[in-house]
Amino acid sequence: MPLREVDKMPRCASCGILVPCQEIAKTHASVKVIVCSEKCFRIYRTYWYPKYGQKRAS
Ligand SMILES: [Zn+2]
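Model, not experiment: these values are computed from the prediction.

## What to know about the overall build of the chain
- For the chain, the helix and strand inventory stands at two helices and two strands.
- Helices (α) and strands (β) of the chain occur, in sequence order from the N terminus, as α-β-β-α.
- Relative to its 58 residues, the chain shows a buried fraction of 14%.
- In the chain, the proportion of contacts linking residues at least 24 apart, taken out of those at least 6 apart, comes to 24%.

## Notes on the environment of Q22
- Secondary-structure assignment places Q22 in the loop between α1 (3–8) and β1 (24–28).
- Residue classification places Q22 among the exposed residues on the basis of 7 C-beta atoms within 10 Å.
- Remark: the alpha-carbon pair of Q22 and V35, spanning 13 residues in sequence, is separated by 9.0 Å.

Reading guide: rules and limits
- Residues numbered from 1 in each chain as written.
- Predicted model: local features only at pLDDT ≥ 70, side-chain atom pairs only at ≥ 80, totals over all residues.
- Helix = DSSP H or I, 4+ residues; strand = E, 2+ residues; numbered from the N terminus.
- Buried ≥ 20, exposed ≤ 12 C-beta atoms within 10 Å, placed from the backbone.
- Contact = placed C-beta atoms within 7 Å.

Spelled out as structure tokens, the structure:
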């Protein structure tokens, strides 16, 4: 089983799905963020980061 390839896929920082090839790399608050869409980046910025951003280890 090609699990290694799946492990290399980035996960959307907002919705958590595996993003096989069309990920969007953003930089927010000096942290590199991978998201699957502009919509997810907005959700990350307005929801995830204020709630969890400062506590995230990676
Ligand atoms: Zn997403």
